[in-house]
Amino acid sequence: MDSEIASFWLTPKGIGPRLSDGQGAERTMWATAINLMGWVDVEIGVKVADVHVDPEVVGDEVLGLLPGALESRAAGRRITINLVRADTRPVSVCFTDVKPAIRYLQDSVRSRRGPKGPPTIDEILRGTGLSGESDGHAQPPAPIAAPPETGTARSISSIEMAMISAETLAARLRAAEWLDADGRYRRRLGDELPNDAPDMVLFALHSLGWAAIERSWLHAGTSLDSIAPTRIVVDPHSVEPATVERLTDLCVIWSESLEPVSLAWWDGATWQNEYGRAEQVADRIHHLVTARQYAQFPTTIQSIAIEPDRLPNDVAPHHRELIDRAVRTWWAFGGNGDEGSGLIEALEREGAQSARAKLVELDQDNQFRIAAYEAGDLRLWDEITPAQMGGKRLVDMPDRRLARRVELDVQTAVRRGAPLVHRCRGVLMTQGGPTPFDWVRLSLPLYRRTHPTPRSVFTICMV
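Residues numbered from 1 in each chain as written. Predicted model: local features only at pLDDT ≥ 70, side-chain atom pairs only at ≥ 80, totals over all residues. Heavy atoms only, no water.

Draft legend 1. Quick peek at helix α14 (residues 400-416). Across its 17 residues, α14 extends 25 Å between first and last C-alpha, which sits within 8% of the 24 Å expected from 1.5 Å per residue. Buried residues dominate α14, accounting for 13 of its 17 residues. A positive backbone phi angle near 80° is found at G417, which sits one or two residues after α14. (Helix = DSSP H or I, 4+ residues; strand = E, 2+ residues; numbered from the N terminus. Expected span 1.5 Å × (residues − 1). Buried < 20%, exposed > 50% of the residue type's maximum accessible area, 1.4 Å probe, protein only.)

Draft legend 2. Looking closely at the pattern of salt bridges. As enumerated under the stated definition, the model contains 19 salt bridges in all. Here E274 and R284 are joined by a salt bridge, their closest N and O atoms 2.9 Å apart. In this pair, E274 is assigned in strand β12 (residues 271-276) and R284 in helix α10 (residues 278-291), connecting sequence segments ten residues apart. Residue classification places E274 among the partly exposed residues on the basis of a relative accessible area of 25%. Take R284: its relative accessible area is 26%, and that puts it in the partly exposed class. For D314, the salt bridge is made with R423, and the minimal N-O distance between the two is 3.1 Å. Of this pair, D314 sits in the loop between β13 (302-306) and α11 (317-332) while R423 sits in strand β16 (residues 420-430), placing them 109 residues apart in sequence. (Salt bridge = Lys/Arg side-chain N within 4 Å of Asp/Glu carboxyl O.)

Draft legend 3. View of the packing of aromatic side chains. Applying the stated criterion across every chain, the model contains four aromatic pairs. Centre to centre, the rings of F95 and Y104 are 5.4 Å apart; their planes meet at 45°, and the pair counts as tilted. Judged by its relative accessible area of 16%, F95 falls in the buried class. (Phe/Tyr/Trp six-rings, centres within 6.5 Å; stacked < 30°, edge-to-face > 60°.)

Draft legend 4. Structural context of the sheet that holds strand β1 (residues 8-11). The strand order β2-β1-β3-β4-β5-β6 describes an open sheet built from six strands, whose pairing is mixed. The open sheet is flanked by β2 (14-17) and β6 (91-95), the only strands paired with a single partner. The average undirected angle you get between the axes of adjacent strands in this sheet is 25°. Alignment of strand β4 (residues 48-53) against strand β5 (residues 78-83), held across six bridges, turns out to be parallel. (Pairing = 2+ DSSP bridges. Axes fitted to C-alpha atoms, helices over the stretch in contact; angles between N-to-C directions.)

Draft legend 5. Highlighting the pairing of β1. Along β1, one buried face is formed by F8 and L10 and the opposite face, lined by W9 and T11, is buried too. The sheet contact formed by β1 and strand β3 (residues 40-44) spans three bridges and is antiparallel. If you follow L10 over to β3, its bridge partner there is V40. Pairing between β1 and β2: four bridges, direction antiparallel. Pairing of F8 across the sheet is with P17, part of β2. Hairpin connection between β1 and β2: a loop of two residues separates the two successive antiparallel strands.

Draft legend 6. Focus on the side chain of E307. Note that E307 resides in the loop between β13 and α11. There is a polar contact of 2.5 Å between the side chain of E307 and the side chain of R416. Excluding anything up to four places from it in sequence, E307 contacts P17 and R416. (Polar contact = N/O pair within 3.5 Å; in protein donor to acceptor, adjacent residues only side chain to side chain. Contact = heavy atoms within 4.5 Å.)

Draft legend 7. Representation of the nonpolar core in the model. Grouped together as the largest cluster of nonpolar side chains are 35 residues, with contacts concentrated most on W9, I323, L442, L444, F458, I460 and M462. Going through the elements one at a time, α2 (27-36), β13, α11, α12 (343-349), β14 (356-362), β16, β17 (433-448) and β18 (451-462) are the ones with two or more residues in this core. For L442, the contacting residues outside a window of four places in its chain are I323, A326, V327, P419, L420, V421, F458, T459, I460 and M462. In terms of nonpolar packing, the next biggest core, distinct from the first, is built from 25 residues, V40, I44, A74 and L83 among them. (Core = buried A, V, L, I, M, F, W, Y, C linked by side-chain atoms within 4.5 Å.)

This is the structure we're talking about:
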């Protein structure tokens, strides 16, 4: 069996396709599966099978399935157990046989869990390694893990995990003060936005271009001129010029205190942390903003790929029925997207028009463009916008975070070459302002006689 095909994800339902290798844009999906959902990633090589598992999150049911899965898929190979935690570098141990590898993994899981057993989802979201000495009062901001040196195994930093779960980052910034897109002071996020829920925190940083300022609670609400902050949190890809200008003015004032200031900034893949004098921090922000055109616009919308026949129970029945009908239709036509094949028309008859449906195609520059768009029954934007989207690139959609998420998910479906569902959650910018949504998107890659791999994808989005 080809090693790439033999690689798999192990879930409570058994062996499933390996939808992400954790590289590049797919890292968030991979980390969500390993560090949040407790799945096991098994990469089958020619001589070695690499098992990636979070010993504090993986469930007993998945562990019980692992020996049989390795026996059937990794026979004759050495087994490397990689313990991947959210806040430390991976620990890797290689074995010549499956049985000692499984014993080592089981012992590691027991020793790290202790007598409490597997963590609950709430414990995972707020961090399973929290100290028991906390008295519930506000704690100093936790240091942001620096990335390892190039060429070494890369773990998932605590703040990158926060981007996946959202809850951790929101807890850190719940008491933060803010500068909005016009450089105006906001005591709390909820003073301007609908609430200070986790998704709104990410939305303020990555879409609205706000900057978070962390200070001691003793000074919260006082003038920002009064005392230097402990940390400034910005996304240089999105922070607005007025915000940068106001931060620069404040750094001039803060420099008089001679106290170092921490700068946390998003590099497109993880959070970086630097220290310096206030005027150095101001220069650094200007440099990062100037260089941001070389990085891709980030997305923090949560998305997890799911097999169409393995939908979770909480998917709405009418959405489940639409997915079933669309997938059956796709298979009946063999995924043939040639003009005149009738597949698109058949999908529309099965109810695609009632949802948010679009046809995206790769252009000559390998950019996804919207060939056709149907807004469906739920209108997120004004009446004119959907009609204007035909022919435009995905990244030119009104909400760039949403556009980037769709682009990444569509790329995953193209690589798979078969129907794929993505379960998504996040804040979208609508004509009524920022609004949180949960939705499901079905991606159907379309084959054409002129090309061996899909160049078009028909998507159906159900909110």
